[in-house]
Amino acid sequence: MPKRHARVRPSTAHASEEAWTPADLAALRAMLYRVAAVAFLSPEPARLTWLRQIAKWCQQFGSRLALFPFFCWWSRLFVLLRSDTEVTLAALQEEYVQLFPSRCPLYESWYLVQSGAQRAGHILRLQETYRQAGLALDPTFGESPDHLSVELEFMATLCSREAEGWQGREMETVHYCLRQERAFLTLHLGQWIRELAREIRAHCVEPFYATLAEASAALVVHDQDLTRALQHAVRW
Amino acid sequence: MGNQVSKPRGLILLSRQLDPALNLEALRSWLNTAYGVITVIIPQKPGSFDSHLKQVLRSVRPDRLVIGIARGEYEYRQAQKVAQEAGIDPLGVALVDLESHALRLGSPSEAFERAKLLLAGVLLRLLTSPNSQPEHFVVDVSLEVSRRQLLRLAVTKSRTVPTVDVQRCLAELGCRRCLEVCPVTALELQDGTVSLNRTQCAGCAVCQSICPAQAITYPGAGLAELEAQLRQLLNPKLSSLHPRGILFLCERGLLSLESYVASGHQYPLGWLPVVVPCVAMLGLEVYLGTLLLGATTVGVLSCESACPAGEHSIERERIAMAQMILEAAGAEASRVRRLTLSDPLGSEWALMDTQLANQADEPVSGTITDRRLLVQGFLQATASRNAYWVVSHPQVPFGVVTINPSTCTSCHTCTAVCPTGALQTAKRGDKVAITFESALCTACGLCVARCPERAAGALALEARVDAGWLARGRQTITESRSLLCANCGRAFASASLLQRLAILLGEDYKRLAPAVTQYCPDCRGLVSY
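Note that the structure is predicted; figures quoted are calculated from it, not measured.

1. Considerations on the overall build of chain B
Next up, step 1: Helix and strand counts for chain B come out as 19 helices and 21 strands.
Next up, step 2: When its C-alpha atoms are laid out on the principal axes, chain B stretches across 95 × 65 × 45 Å.
Next up, step 3: The 529 residues of chain B split such that 55% are buried.
Next up, step 4: At a minimum sequence separation of 6, the contacts of chain B that also span at least 24 residues come to 73%.

2. Here's the deal with the overall build of chain A
Next up, step 1: From N to C terminus, chain A includes 10 helices and 0 strands.
Next up, step 2: The N-to-C order of helical and strand elements in chain A reads α-α-α-α-α-α-α-α-α-α.
Next up, step 3: Whereas a compact globule of 236 residues would reach a radius of gyration of roughly 18 Å, chain A reaches 17 Å, a difference of no more than 12%.
Next up, step 4: Reported as C-alpha extents along the three principal axes, the dimensions of chain A are approximately 45 × 45 × 30 Å.
Next up, step 5: When the 236 residues of chain A are sorted by exposure, 59% land in the buried category.
Next up, step 6: Summarising the internal contacts of chain A: among those between residues at least 6 apart in sequence, 76% fall at separations of at least 24.

3. A closer look at the sheet that holds strand 12 (residues 271-275) of chain B
Residue and element names in this part refer to chain B.
Next up, step 1: With parallel pairing, 4 strands are arranged side by side in an open sheet as 12-11-13-14. Two strands in the sheet have a free side with no partner beyond their single neighbour: strand 12 and strand 14 (336-339). Taking each pair of neighbouring strands and ignoring which way they run, the sheet shows an average axis angle of 25°.
Next up, step 2: Summarising the sheet, strand 11 (residues 245-249) and strand 13 (residues 297-301) pair through 5 bridges and their orientation is parallel. Opposite Gly-245, over in strand 13, you have Thr-297 as the bridge partner.
Next up, step 3: This element, helix 9 (residues 251-262), spans strand 11, strand 12 and strand 13 of the sheet and lies at about 115° to strand 11.
Next up, step 4: The strands touched by helix 11 (residues 312-328) within the sheet are strand 13 and strand 14, with strand 14 carrying the most contacts at an inclination of about 150°.

4. What about the sheet that holds strand 15 (residues 390-392) of chain B?
All names here are of chain B.
Next up, step 1: The 3 strands are arranged 15-19-16 in an open sheet whose pairing can be described as antiparallel. The open sheet has two edge strands with one neighbour each: strand 15 and strand 16 (399-403). The average undirected angle you get between the axes of adjacent strands in this sheet is 45°.
Next up, step 2: Alignment of strand 15 against strand 19 (residues 459-466), held across 3 bridges, turns out to be antiparallel. Opposite Val-390, over in strand 19, you have Asp-466 as the bridge partner.

5. Concerning the packing of helix 2 (residues 45-58) of chain A against helix 4 (residues 71-82) of chain A
Residues and elements named next belong to chain A.
Next up, step 1: Where helix 2 meets helix 4, the closest approach of the two axes is 9 Å, and the angle between their N-to-C directions is 120°. Relative to helix 4, the element helix 2 lies oblique. Judged by the twist between their axes, the crossing of helix 2 over helix 4 is left-handed. Of the residues in helix 4, those touching helix 2 at Leu-48, Leu-51, Arg-52, Ala-55, Lys-56 and Cys-58 are Phe-78, Leu-80, Leu-81 and Arg-82.

6. Side note on the confidence of the model for chain A
All names here are of chain A.
Next up, step 1: In this model, chain A carries a mean pLDDT of 87, and residues with pLDDT of at least 70 account for 91%.
Next up, step 2: Within chain A, no element has a lower average pLDDT than helix 3 (residues 62-65), which sits at 80, and none a higher one than helix 8 (residues 148-167), at 95.
Next up, step 3: The low-confidence segment residues 2-8 (pLDDT under 50) makes 22 contacts with residues lying over four places distant or belonging to another chain.

7. Notes on helix 8 (residues 223-233) of chain B
Next up, step 1: A large share of helix 8 of chain B lies buried, amounting to 8 of its 11 residues.
Next up, step 2: For helix 8 of chain B, every residue scored as buried is listed here: Glu-225, Leu-226, Glu-227, Ala-228, Gln-229, Leu-230, Gln-232 and Leu-233 of chain B.

8. Some remarks on unusual backbone geometry
Residues and elements named next belong to chain B.
Next up, step 1: Residues Asp-19 and Pro-20 are joined by a peptide bond in cis, for which omega reads 0°.
Next up, step 2: For Pro-20, the location among the structural elements is in the loop between strand 1 (10-15) and helix 1 (24-35).
Next up, step 3: For the peptide bond that leads from His-242 to Pro-243, omega is -10°, which places it in the cis range.
Next up, step 4: You can see Pro-243 is positioned in the loop between helix 8 and strand 11.
Next up, step 5: Positive phi outside glycine occurs at Ala-443, with the angle close to 55°.
Next up, step 6: You can see Ala-443 is positioned in the loop between strand 18 (431-437) and helix 14 (446-450).

9. A look at the pattern of salt bridges
Next up, step 1: For the structure on display, the rule yields 27 salt bridges over all chains.
Next up, step 2: The closest approach of N and O atoms between Arg-34 of chain A and Glu-153 of chain A, which form a salt bridge, is 3.3 Å. Here Arg-34 of chain A is found in helix 1 (residues 22-39), whereas its partner Glu-153 of chain A is found in helix 8, with 119 residues between them in sequence.
Next up, step 3: The salt bridge involving Arg-428 of chain B is made with Glu-479 of chain B; its shortest N-O contact spans 3.2 Å. Of this pair, Arg-428 of chain B sits in strand 17 (residues 423-428) while Glu-479 of chain B sits in strand 20 (residues 474-484); the two residues are 51 residues apart in sequence, bridging distant segments of the chain.
Next up, step 4: Each of Arg-29, Glu-162, Glu-181 and Asp-223 of chain A takes part in one network of salt bridges that share partners.

10. Some remarks on the packing of aromatic side chains
Next up, step 1: In this structure the tally under the stated criterion is 18 aromatic pairs over all chains.
Next up, step 2: For the pair Phe-208 of chain A and Tyr-209 of chain A, a centre-to-centre distance of 5.1 Å together with 80° between the ring planes defines the contact as edge-to-face. The pair Phe-208 of chain A / Tyr-209 of chain A is uniform in exposure class, with both members buried.
Next up, step 3: Relative to Trp-389 of chain B, the ring of Phe-378 of chain B lies with its centre 6.0 Å away and its plane at 90°, an arrangement referred to as edge-to-face. Of the two residues, Phe-378 of chain B sits in helix 12 (residues 371-382) while Trp-389 of chain B sits in the loop between helix 12 and strand 15, which places them 11 residues apart along the sequence. Neither Phe-378 of chain B nor Trp-389 of chain B differs from the other in exposure class; each is buried.
Next up, step 4: Taken together, the ring pairs connect Phe-40, Tyr-96, Phe-100, Phe-208 and Tyr-209 of chain A into an aromatic cluster.
Next up, step 5: A cation over a ring is seen here: Arg-371 of chain B above Phe-398 of chain B, with NZ or CZ 4.1 Å from the ring centre.
Next up, step 6: Lying across the ring of Trp-469 of chain B, Arg-472 of chain B places its NZ or CZ 5.1 Å from the centre.

What counts as what
- One numbering rule holds for all chains: residues counted from 1, following each sequence as written.
- To read the labels, note that chains go from A and ligands from 1, taken in the order they are written.
- This being a predicted model, a pLDDT of at least 70 is required before a residue's local features are given, and a value of 80 or more before pairs of side-chain atoms are given or counted; all residues contribute to the totals for chains, interfaces and linings.
- Each side-chain value is derived from all of the structure's non-hydrogen atoms; neither hydrogens nor water enter the calculation.
- Under the scheme used here, helices are H or I runs from DSSP no shorter than 4 residues and strands are E runs no shorter than 2 residues, and both carry numbers assigned from the N terminus.
- Burial status follows relative accessibility: with a 1.4 Å probe on protein chains alone, a residue under 20% of its type maximum counts as buried, one over 50% as exposed, and anything between as partly exposed.
- Residue contacts are counted whenever heavy atoms from the two residues lie within 4.5 Å of one another.
- It is over C-alpha atoms that the radius of gyration is taken, and the globule rule equals 2.2 Å times the number of residues to the power 0.38.
- The pairing criterion for strands is at least two bridges between them, as found by DSSP.
- Working convention: axes come from line fits to C-alpha atoms, limited for helices to the stretch in contact. Angles between N-to-C directions cover 0 to 180 degrees.
- Under this scheme an angle from 65 to 115 degrees is roughly perpendicular, one under 35 degrees roughly parallel, and one over 145 degrees roughly antiparallel; angles in between are oblique.
- Two helices crossing with the near one rotated counterclockwise from the far one by less than a right angle form a left-handed crossing, whereas a clockwise rotation gives a right-handed crossing.
- Each residue gets a pLDDT score, which is the predictor's confidence in that residue and runs from 0 to 100.
- Basic side-chain nitrogens of Lys or Arg form a salt bridge, by our definition, when they fall within 4 Å of a carboxyl oxygen of Asp or Glu.
- Note on aromatic pairs: the rings of Phe, Tyr and Trp (six-membered ring only in Trp) are paired at centre separations within 6.5 Å, and the planes decide the class, stacked below 30 degrees, edge-to-face beyond 60, tilted for the rest.
- Here, a charge over a ring means that NZ of Lys or CZ of Arg falls within 6 Å of the ring centre while also lying within 35 degrees of the ring normal.

Below, the structure written as structure tokens:
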């Protein structure tokens, strides 16, 4: 999943206006989840270049994005990404190795599951969740289904589908996606991403990963409310 | 990065539109000298406030932002949006309408004095406030999206709500204070911990004010933040303005007051507004502490029927309680009063001329946040009027604990559960005592609820403010000899426990002794063989 980067992007047609169409909003959320998914993967030149491009591209949405209370955390992340001096590939690679394999593992089961046997069951349930959405993890990806990037990419995929649903006025799809998103955030990402952010903040040296974790956590918290509110707002 | 926490940097922006009525250059110079804060004057060009603000934020990159404006010149939401775009905490922004709250109320020199205090107060409050967390915001979707019409969503509204720290929460021990007081029943018990229904929460922060464990945090409205603002507003060294009263009001109350001033009315110059999420969140500490910090009068402007929480009963009760205590202590009850906008220039809004405590120097830090300092200050300020007084009321946030030595077994469960340290265990030679300090007691009742001998009336708590108890400080309320194990020498029980056992077991007790009275549970088995 994480190899698929940008698909539906929010329209720039109304960049100066304050209101969002539901499709644009879903596309924006998909993009932010995808940015976070890629940023939590091992730093590589192509990935960093893509993240920098997205950060620059998002500048045009600045005033619209700032309507959301989660945006101050993302704004800090984009400022870092736009700077060639504050975020360098070498520094990110060094920090990534220092932080993630041992100090702050990026696996859900590390935070939510106590024993090895339970971990296997937990991962199977996650795979089943992906399968029900018609997805399976690319075997060449080489990461566990409970890796943070996989979970964020799953959310990105659901949000992209939601955006397509809004665009095509397929309300059943929209409703299904909102339900899946909310359930996944509540049962999975929302359960551990705050703790991960705290761990990263406590151990990091450079500001990038702490800012990224804060931004991701802010998006997850925000989206739990948003998906609930949207579910109630959509009239059937 | 690690665990380093850097001190937030503040920035003050002043609108040129306030010039020349307000001497902006002098104001900037004063703020810079007094607080070392960067102050920028925004040039007056129609429609350019946004672009200037963005430009300044890009170059200064502050953590907190205070904007002094003329009425209607700029909107808070817009300021917050621009600040967010620059990565500033959404709650780290404040807008002060200096036209309504300074210029229109007095002469240019008086307006200047007020402007100094208002800006300094808000700045220090923001600088004291910790960063907000994503959980502090709830998104509201204001439009209904129908199947036929895919309307544009105005998902721009977000509300501020508190967070509950489950690690500190005492629900497991039986505390239910926040649940009982929440006016919209947004707090509920789930799996033994308190959980907040964020959608339902009205954001009044009453729960924060009543939590004995300080497990509930409402960003920007904690006692420390309020005290930081009040200390600036009431600092006699900062301004010659006298007398000074503090006018507590919520956002809705502030809007009403500003509309009132805009319609050509005035309110007395000495009232300095302090905005809180809801005036019902103000407790006794705030009312009395504000007077001790140097306010001659404390006013509470209620938003009346516009209140979404509808919490006027709590607000009225707390004001009445403060008045009862002032009266009992021999001070004027009207130092704390509820105000309405019917006639701000009438007697209802008249400020008292003298302070409760003579405040010649900078107000003492901790007067509101530290209950010991609050109590000491209040007793000193009122000692000459009435040294001994008592106010009993079920809702008063002070208590007096008494112990019945004939039924208390000195198990010390009460000291273990006391969240504020009012009840403590003290070891003195071969005796162990339970000590109590009334100033720290919030009358939460956990000690009574957890006492194993509560049915026998071993421990009693009365919610009351008692000057005698407060003045005495920490007192020993019961003491019992420790029994040492005849085998290992370890203290294993209190004499009062054995006394209680003897009473409860009657004749059977004699059979158990001496094993029970001489040996600890570990050695009891060993010595019997």
